[in-house]
Every structure is written in C-alpha cells, then in structure tokens.
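Each chain is listed here by its residues.
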Amino acid sequence: MSEAAGKVRVGRLSDIDPLGSRRLNVNGLEIALFRLSDGEVMAVENRCPHKGGVLSEGMVCGPVVHCPLHDWRIDLRSGEALDPDKGCVTTFETEVTKEGFIFLTLNEPIEGTDAAGADSHIA
Amino acid sequence: MTNKRKKLVLVGNGMAGVRTIEHLLKLAPDLYDITIFGAEPHPNYNRIMLSTVLAGGTSMEEIVINDLDWYRENGITLHMGQAVQKIDSEQRRVYAEGGIEAEYDELIMATGSNAFMLPIPGADKEGVIGFRDIKDCVAMQEASRKHRKAAVIGGGLLGLEAARGLLNLGMDVTVIHINEYLMERQLDRPASLMLQKELEAQGMKFLLKKQTESVLGKQRAKGLLFKDGSMLEADLVVMAVGIRPNVALAQRSGLAVERGVVVDDHMRTNLPGVYAVGECAQHRGIAYGLVAPLYEQGAVLAKGLAGIPVEGYAGSVTSTKLKVSGVDVFSGGIFVEPEGARALRYQDEIEGVYKKLVILDNKLIGAVLFGETGEGAALFSLIKSGESVAGREKELLLGLSADALASGGGGGGAARLEAMAADEIVCGCNGVSKGDIVAAIDGGCNSLGQIKGCTKASASCGGCKPLVEGLLQIYAGDAAVTVKEGICGCTTHSRDEIVAEIKRMGLKTVKEVMNVLEWNNDEGCSKCRPSLNYYLGMLWPAEYKDEKESRFTNERYHANIQKDGTYSVIPRIYGGVTSPTELKRIAEVAEKFEVPLVKFTGGQRLDLLGVKKEDLPGVWEALDMPSGHGYGKALRTVKTCVGSTFCRFGTQDAMGMGVRLEKAFERMNAPAKVKLAVSGCPRNCAEATVKDFGVVAVDGGWELHVGGNAGIHVRATDLLGFVKTDDEVEEWASAFLQYYRENATWNERTAPWVERVGLEHVKQVLSDEDERKALHARLRDTLDRTVDPWKQIVSEPELRKNFERLPAPQSQSASVQVETKKEESA
Ligand code: SRM
Ligand SMILES: Cc1cc2nc3c(=O)[nH]c(=O)nc-3n(C[C@H](O)[C@H](O)[C@H](O)COP(=O)(O)OP(=O)(O)OC[C@H]3O[C@@H](n4cnc5c(N)ncnc54)[C@H](O)[C@@H]3O)c2cc1C
Ligand code: SF4
Ligand code: FES
C-alpha cells in the first residue's frame, strides 16, 4: 500500500481482439480496455455517463465507442461524450510495449487484488 | 500592387469583428491589407458555445470558427494576445501592449464586452470570476476539480448556463438572483416558475430576492454574505449579472462614448475612418448582447467598406433560447404586453408546456415558449415580418407545428418564407440570412446536411431547422425531394447503391466497402457497420467471414444486454414445445448459476435473466441447448398452438409444423428480427396474423400470411396464398424469407418492407416456380453453413476469453517490470 501510483502491466495486446475490448477491476473500479484499429489501446472507466451502461460491450468506431444501451458516443481519447450528448468518463493512460505488453497508468496505488478478477490464464 | 491596397485594422478578434472581415473578403477580396489585434491568445472562436464546452459536450478546439490557416490563407496579419493600448487618430496608427504598431486607413473597433463584476467587498478574491471567455471556462473546470460548492450570482441566461455547466462538472450549485423570478428579461412569471421547477429537478438550488453584500474569505472566496444577514458557503463565485461594453480604449482615444461607442446607421463613429460593431457599439441607444444583431451590423459595415451602396442598419428585434439540456425555453420580441396589446396564453402544468403570444394591432410582437419550442423560429420570423396574423391567432398558439408553419400548411407559411427579404437572418446563432441559404441551394446544396455544411445554418442551437427545411422545399423544389439520404451520416449512398456496388466490384469486407465507396468517416458508425456486415453476409454466404466487431453487443455476445450490464439467456425450445427433462435441466442451471429471474416470454420460451457476462459460456455449456437467438436480427421464435394433436378444433398439426419451420430457419440472419407462428385453425391462438410469416391451418391445407407486426405499429398480415402440403409451406416460407433478406434495408422488418414493395410484387415473384425454388435453394445453402454460436463460443478459447475479465493487476511490488513514480514526500 505504500507504493505510489504508477504503471502496471495488465495483459498482452493479443488478449484483446481488434476493435474489441476487455474489462478489469482495479481498486473497486471497473476499467474497460479497447483495442483500436491501429493497435492502440485505450482505457476508460467502464460506465457510461448517461445511465451507467457498460461501455466495454459497445461498438468501437475509430477512437469512439458507442454505448450499447442508448448509443451515446464516447471519445475514448478524452472520455467526453460526443454531441449532442454531454458527459465524461475518466480515462487512463496506456502504453503498449514493443513486446506487446499493455501498461496502464493509475492515479492511485493498487489497494489489493479483487478476487473476482483473478483469472489465471494470463501470465 | 500591394501599395495600392488600403490598410484596414480590426481591434478585437471576436465574433462580430471577424464576421465583418469574412463578409468583406467575400465582397472585395483585394481591397485591403488587413491586420487584426486580439487581446485573447486564441483565434476567433464561438463564444456562444462556451456554455456547451462548460457543460462537457464540446471541446475547446471544436468551437474555433476561424483557425490560424484561415488568417494565413486570406493574407491577414494576426496579432494574438496583443491588446491595443492607444489609437492615434491624427496619425492613424494603433499601438499594442507588446510594442507592435500598425497604420490604418480604416479602423474597426470590435472590442466586445466585459463581464460586469459587482463592486462589492471581496469581489477581487481568488475564485471570483465572470463567464465571458475561454479563460473563465478553464477556471471553472479547474475549480470543479478541487472544490465542491459554487455560487452563481445572476439568474439570467448566462448565469443559468454557467450553473448548468457547473452541475455537470459535479459541483453543488446555488444560483443567487436579485429578482423574485429567473430570466425576467426574457420570460414572464409563469414561464419562469416552470423553468425554476425544471432546473430544481436537475439539482440546481436557488436563492431568490437576495442581494449579495460581500464575498467572504481570506485570499480565496469561502462564501457570500447577503444584505439580510444570511450567508452561503461557496469556494467558487461566478458573477453573471450582466455585461458592460468594453469602451476603455475608445474613451482614451477620443471616440464618442455613452453606454457603448456611439455609431450611426453605417456603423461610423465620430472620428473619420473609425467604425464600431458588436457589443461595444451603441446604435440608436442600444448596445446589443446577442450575436444575430451584431452580424447584421457587420453585414452593413462590410458592404460600406467594400464600397457597395447599402441601406443603413435600422436596429434589430432579438430572440433568445436557453442552451440548457432538458429545458426548452424560447423568448422573442416584446413579451410583456404593452398598453393596447392582447396576450394569448396556453399552459399545461402536467406536460410542462407554456406558451404566450403578444399581439398588437393584429401583429405578433412577442412570444414566450416553454417546454415546446419547435415553433420558436417560425414565430420569431412572424414577429420580424410584422404581417397580420388576424384570424390565425389560435392556430399559432395551439400546436400548429413548426413544419406546418414553415411549409405553408397553415396558410402563409411558404408564402411568408417566400416573401422574406434576402438579408433577413434565418439562423441567429451563425448569422445566416435567407439569401445565404438560397445561394447555397442554387449552388447545389439540396439537403439540410449540405446547407448546414456550407452555411452553418442550424449548426448551433438548431432552432431554425424548420425554416431551413422550408426554404429547401421552396427553392430546391424537386431536387430536394429526390436528394438521397445516405444510409447514415458516413455516406451519401443508399442501401440499393451499396448492395449493387458490392456485387459489381465483388467487395468482401466492411473496410473495403467503406474505402471503395469513399465513406467520409474511416471506421463507420454503429449504423452503417452492422448493415454492411449484414449485406456482405447475405450476398457472399460462402466466403464472407462475419465481423463480430461490426455487430451490436447482443449479437456479438449472443445474449441480450440488460440495463445493469448483465445478460439474458433464452435457449431454443422449438415451437415452444418442451419436455420434463429439459425443464429440469433449465431449472438446475438456473439454480447453479443463481440466475435472479426465470420468466416465460411472450414468444413461448423460457428466459433466464440477469446472468453475469462471465457466466454466459458456463450457462450455455450446462444447458446444452442451442441459442434461441432472442437477441438478434434473426429468426426469433415460431409460436404454435396445440393444434390437432389435442385441440378439439384443430385441423392440422400446428406444433409439428412449427417445430419443422423453426428447425429449418434457425440461425437465419435477416435485415431485422423475424417471427413466425403456426395456428391449428382460424381461431388463430398462436396469433399468426401479426407475424412476419404466419401459417394458419384450414381444412385441407394451410393459409400463408405475411408482413404482420404486433410491435410498435400493429399491422395485420396480408394473405399471400394457400397451399396444400407441408413441403409447400416450407418452400413458400423459405422463398419469402430469402426474398426479404435479399431486398430489404437493414433494420427494416417485413411489415414496412411489404408495404414498400407491395404485396402484389411479392406474390408475383414467388408464384414463379423456378424463382421460388431458386430462392429456397439460396437460403438453404446459406443456412447449411451456419453453426450454433453458443456451442462455438464454449469450445473456442479465443472466443471465450472475451467473456472473462483480465486479472486485476497486483500491487506494484509484486508485478514485473513496472516503473513507479516515487512519491515526493515519504
Ligand atoms: C423476452 C420478451 C418479453 C417477455 O418476457 O415475454 C421480449 C423482450 C424484449 N423485446 Fe420484445 N420480447 C418478447 C416478445 C415480443 C413480442 C411477442 C412475440 O414475439 O410473439 C413482440 C410483438 C411481436 C412483433 O415483434 O411483432 C415484441 C416486440 C418487440 C419490439 C417491437 C418490434 C417492432 O417491430 O415493432 C421490440 C423493439 C425492437 O425490436 O426494436 C422488442 C424488443 C425487445 C427487447 C429485445 C428490448 C431490447 O432491445 O433489449 C427485450 C429484451 C429483453 C431481454 O433482455 O431479454 N420487442 N416482443 C419476449 C421474447 C420472445 C421470445 O421468446 O423470443
Ligand atoms: C457563455 C456565453 C454564452 C452566450 N450565448 C449566446 C447565445 O446563445 N446567443 C447569442 O446570440 N449570444 C450569446 N452570447 C453572446 C455572444 O457571445 C456575444 O454577443 C458576441 O460574442 C459578441 O461579439 P463581439 O465581437 O462584439 O465581442 P467578442 O466576441 O467578445 O469579441 C471581442 C474581442 O475583442 C477583444 N478585445 C477587447 N479589447 C481589445 C483590445 N483593446 N485590443 C485587442 N482586442 C481586444 C476581446 O478579448 C475579445 O476577444 C453568449 C456569450 C457568452 C459569454
Ligand atoms: S387455434 Fe385454437 S382451436 Fe385451433 S387448434 Fe389451436 S387451440 Fe385449437
Ligand atoms: S447508458 Fe450509455 S447511452 Fe444510455
């Protein structure tokens, strides 16, 4: 608990299908990771600013995800909902290394692992 | 060459000034060498949209009207962040802060206004700001990150828009207003009370009839003290009590200044070669604070500078719209009835609608609308035209739609648009006149989208959309009618064109279609991508690889998403006929996975609702039943009644036929969902006559019904025909479904499709035996290639992984190769 916030490794690029997404729990928060067509990975809080729809289930078009519940469009880079809707989700910085690892930058230190998220098939 | 040009200097790089320059460049591109000084460190941006930026709907970049390229391309010298300090009207020179000077032959003052800051003790503390420019907007955004409580002083348009933005930023917002009701300069009392109620419901708090005495706090604002001795906690104070024309420079420079810089009808000041436009100018005693009149002033000045004879500016009637989401308020003209005027009112407290029209000498002189503002633009145009509304008053008050007003439905609509003068402003936000729109139409624009693109009309608040549409109808005539809307905003191609091109060029992926047909949005949207995916799959059943990333959630994860992110699971139960063993298994699975709700559906199936995404593959595995496709644009259910098997009236085996059809067509993708039913006699207990394809048994055969729908718009089926044998039922059903698959637009159910192409046409195609058999064969071929999606996902780890969460990262010390930012202090 004494570590500062920083980058953590969350998986491999190949864990996410192109234009697909994966979810993960950190500090009680659900984060959605999206893989864009150019191989970039974007991370946002997995909650639509409209009515809390799970964004990870939405369709990815360019840098934008369409919320599956009422089709709000969220710009994954800024976290902002696009016109005509208004709202914003928290975004997280990500980095994909040459080796294909995905790193996520957290603002707060990890509080401990969430058992629900602890799958074992990814190193 | 260049030394022949005259020198024009603009002081104030804002909306009115730059608009004047834009206009001038159109009229006389080579007449002047232009230099612009702007105090703000930004190119000209849309100040109106600051409210939207604050509310979180738009980024700062998006509100730029003229980017730096625009200045460059037009050869304009721009000095950003350079306030002009001094004007020497003898030498005709201006001097700016940073030491830059410029000579002028003509000078335009367009310095706008400043937010008026109440001269009360503490007004200079940190955390006390106005709401005028990007800087203020940023200050509010920053404050919202560190502080909770905001006070907005002023319950007018600006104050309420600021308050709404701060609410969106998560702050606790109280609006303080000196008057007893809000927006008293635009609204009458009833409308204002309705507005207050609505805003309170959105979470805004109000302190009315309160006068602020001072701002409390040491260095930073901590709260407000009012005249009556009460206090309010606040760490951000936004003053939105009014604006003051920014005239300091003008005063220093010898210009005649009253409230604003005094100008005549040609925007001339008292000094030779010096003009003023915008909020800093005072014309016939009025300094305006809205864009539309300023743009009218700009147009007059631009013509004057271009040497075109122009009738002077005669002042404007103004209208306003509150840009707060969820609240529709419109106000225009004189809304408090003067002596001799009549007012008509309509109020519906339940629906939250209020309308008031003020009429003087049979002319509409003002209007207030709350709740329903669609007619605002049309009414405003009536106010400006000053035509008689005698005999039409009630019609205007009681819900004659804006469309009707604009398109002539209500007498005078089209005529009025036609009679409208060319330079009358239609879009107030962007200052687009009727003439601009008609010119755009003449130049080839024939859809609302195109007009919006080339004139910006209706691109901001959208209030004038009905008028623009009306003009389009009148001036584009048939061209407007024949303009084809693309299948979505990403393309102008219609469904039929796209399908034809895919066939002609043999396009095989969604990406390829979007590239070749020049989509204007690289990766499409949630409308075109699924439709292209459907068309490609329908056209190339053998080669096309379904792109799951272009399918909606439900079709991607093969279950129906619920509002809380869980899914529902409907296994296939052919014809609704089940068995005790199957029921027991379903029950066990529901218990094992703690499914919150089990329900019989309207389609005779069992629905397990509330299954967690990560449990879906496990549930499917345990059920060991095929997917019921209760989530897809696909064959859903075939409902049956008991039929002759048990029923005393039954004439045929309805259950048997239902099961047969469901087995024949399961997994069939279609433009929209498809539902079938089979009833054992004309009593029709399976409701076959509201299905996409309904079969009703009669003595000696089967009636075939098509194009029914029991959903949003109920439509009873049309009778397609009568057949004798079971095989014929399947063949006709198959041919009908395939013909629909090949010809309907994505998302079009059979009911509207049959109406569109006509029953007779469908009948004609299907009665041709060769054609019918060919259609049947094509569908068979397609379906034989499909597999059950649940089984596939359960057995393929690459697909199954998408249902699981990634493991939560371990705390840093435990994870490999992490870079940590060491805390500064221990
Ligand atoms: C589960 C069920 C209600 C129930 O508990 O009984 C149901 C549930 C939904 N219906 Fe339905 N409809 C159900 C039978 C019906 C019926 C009756 C029927 O099928 O016999 C109708 C009228 C018949 C018709 O379609 O013509 C019906 C007409 C609709 C409509 C209107 C369709 C239309 O074209 O007008 C929608 C909205 C839509 O599709 O856009 C809809 C949409 C929905 C959706 C999918 C809404 C959504 O998009 O999330 C609901 C999904 C709930 C869920 O998460 O599971 N549902 N829905 C029924 C499932 C039948 C099945 O076993 O597969
Ligand atoms: C939040 C908000 C919402 C609004 N909403 C609406 C609306 O919905 N509808 C509507 O019609 N109007 C609206 N308005 C009003 C509208 O924005 C103004 O009427 C319009 O911008 C005025 O244009 P202007 O060119 O006169 O002044 P401005 O746009 O203010 O431009 C003046 C520019 O001159 C610069 N300047 C001042 N002094 C100097 C100097 N000495 N040297 C160099 N530069 C100088 C200023 O920095 C400023 O950039 C809104 C305003 C705000 C703030
Ligand atoms: S429709 Fe009604 S009457 Fe006819 S078979 Fe079915 S249940 Fe019997
Ligand atoms: S919850 Fe996301 S659009 Fe409604």
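From a predicted model like this one, the values you see are computed outputs, not experimental measurements. (Residues numbered from 1 in each chain as written. Chains lettered and ligands numbered in written order. Predicted model: local features only at pLDDT ≥ 70, side-chain atom pairs only at ≥ 80, totals over all residues. Heavy atoms only, no water.)

### Here's the deal with the overall build of chain B
At step 1: Counting its regular elements, chain B contains 29 helices and 36 strands.
At step 2: Looking at chain B residue by residue over its 826 residues, the buried ones come to 53%.
At step 3: Contacts in chain B between residues at least 24 apart in sequence constitute 61% of all its contacts with a sequence separation of at least 6.
At step 4: Surface accessibility of chain B: about 36,400 Å² in total, with carbon and sulfur atoms responsible for 50%. (Helix = DSSP H or I, 4+ residues; strand = E, 2+ residues; numbered from the N terminus. Buried < 20%, exposed > 50% of the residue type's maximum accessible area, 1.4 Å probe, protein only. Contact = heavy atoms within 4.5 Å. Areas by Shrake-Rupley, 256 points an atom, 1.4 Å probe, with all protein chains shown as cover.)

### Structural notes on the packing of helix α17 (residues 495-505) of chain B against helix α19 (residues 528-539) of chain B
Residues and elements named next belong to chain B.
At step 1: With their axes 11 Å apart at the nearest point, α17 and α19 run at an angle of 45 degrees to one another. With respect to their mutual orientation, α17 and α19 come out oblique. Considering how the two elements wind past one another, α17 and α19 form a crossing that is right-handed. For the pair α17 and α19, contact is made by R495, I498, V499, I502 and K503 and by L532, Y535, L536, M538 and L539, respectively.
At step 2: In terms of residue class, the contact of α17 with α19 is built from eight nonpolar, no polar and two charged. (Axes fitted to C-alpha atoms, helices over the stretch in contact; angles between N-to-C directions. Parallel < 35°, antiparallel > 145°, perpendicular 65-115°, else oblique. Left-handed = near helix turned anticlockwise from the far one by under 90°. Nonpolar A, V, L, I, M, F, W, Y, C, P; charged D, E, K, R; others polar.)

### Examining the site of ligand 2
All names here are of chain B.
At step 1: For ligand 2, the set of nearby residues contains 33 residues, the closest of which are A16, E40, R132, E279 and K323.
At step 2: Within the contact set of ligand 2, an oxygen atom lies 3.2 Å away from a backbone nitrogen or oxygen of M15.
At step 3: In the complex, 91% of the free accessible area of ligand 2, which totals 990 Å², lies under the protein chains.
At step 4: Broken down by secondary-structure element, the contributors of at least two residues to the shell around ligand 2 are α1 (15-27), β2 (32-38), α5 (157-168) and α8 (291-305).
At step 5: Looking at the shell around ligand 2 element by element, the count peaks at three residues for α1.
At step 6: Of the residues that constitute the shell around ligand 2, the class distribution is 15 nonpolar, 12 polar and six charged. (Near = heavy atom within 4 Å. Polar contact = N/O pair within 3.5 Å; in protein donor to acceptor, adjacent residues only side chain to side chain.)

### What to know about the environment of V569 of chain B
At step 1: For V569 of chain B, the position within the fold is in strand β29 (residues 567-569).
At step 2: Apart from the residues lying within four places of it in its own chain, the contact partners of V569 of chain B are L606, D607, L608, V611, L616, V619, W620, L623 and W790 of chain B.

### Regarding the sheet that holds strand β21 (residues 319-321) of chain B
All names here are of chain B.
At step 1: As summarised here, the arrangement of the five strands in space is β21-β22-β25-β24-β23, forming an open sheet in which the pairing is antiparallel. Every interior strand has two partners, whereas the edge strands, β21 and β23 (342-348), have only one. Averaged over all pairs of adjacent strands, the angle between their axes in this sheet comes to 10 degrees, without regard to strand direction.
At step 2: Here three bridges tie β21 to strand β22 (residues 329-333), and the two strands are oriented antiparallel to one another. Pairing of T320 across the sheet is with S331, part of β22.
At step 3: Set on the sheet, helix α6 (residues 189-201) makes contact with β22, β23, β24 (353-360) and β25 (363-370); between it and β25 the angle comes to about 20 degrees. (Pairing = 2+ DSSP bridges.)

### Details of the pairing of strand β33 (residues 674-679) of chain B
Residue and element names in this part refer to chain B.
At step 1: In terms of burial, β33 is a largely internal element, five of the six residues being buried.
At step 2: Across four bridges, the pairing between strand β32 (residues 635-640) and β33 is parallel. Bridge pairing in β33 links T640 to V678.
At step 3: Sheet analysis places β33 next to strand β34 (residues 693-698), joined by four bridges and oriented parallel. Across the sheet, the residue bridging to S679 is V696, located in β34.

### Focus: the site of ligand 1
Residue and element names in this part refer to chain B.
At step 1: Taken together, 20 residues sit near ligand 1, with Q562, T601, G602, K673 and R749 positioned nearest.
At step 2: Interatomic distance of 2.7 Å between a side-chain N/O atom of K599 and an oxygen atom of ligand 1.
At step 3: Side-chain polar atom of K691 to an oxygen atom of ligand 1: 3.2 Å apart, as the coordinates give it.
At step 4: Listed by contribution, the elements that provide at least two residues to the shell around ligand 1 are β31 (606-611) and β32.

### What to know about the confidence of the model for chain B
All names here are of chain B.
At step 1: This prediction gives chain B a mean pLDDT of 89; 94% of its residues lie at or above 70.
At step 2: Within the model, the stretch residues 813-826 combines pLDDT values under 50 with 19 contacts to residues more than four positions away or in other chains.
At step 3: Across the assembled chains, the prediction reports ipTM 0.67 with pTM 0.52. (pLDDT = per-residue confidence, 0-100.)

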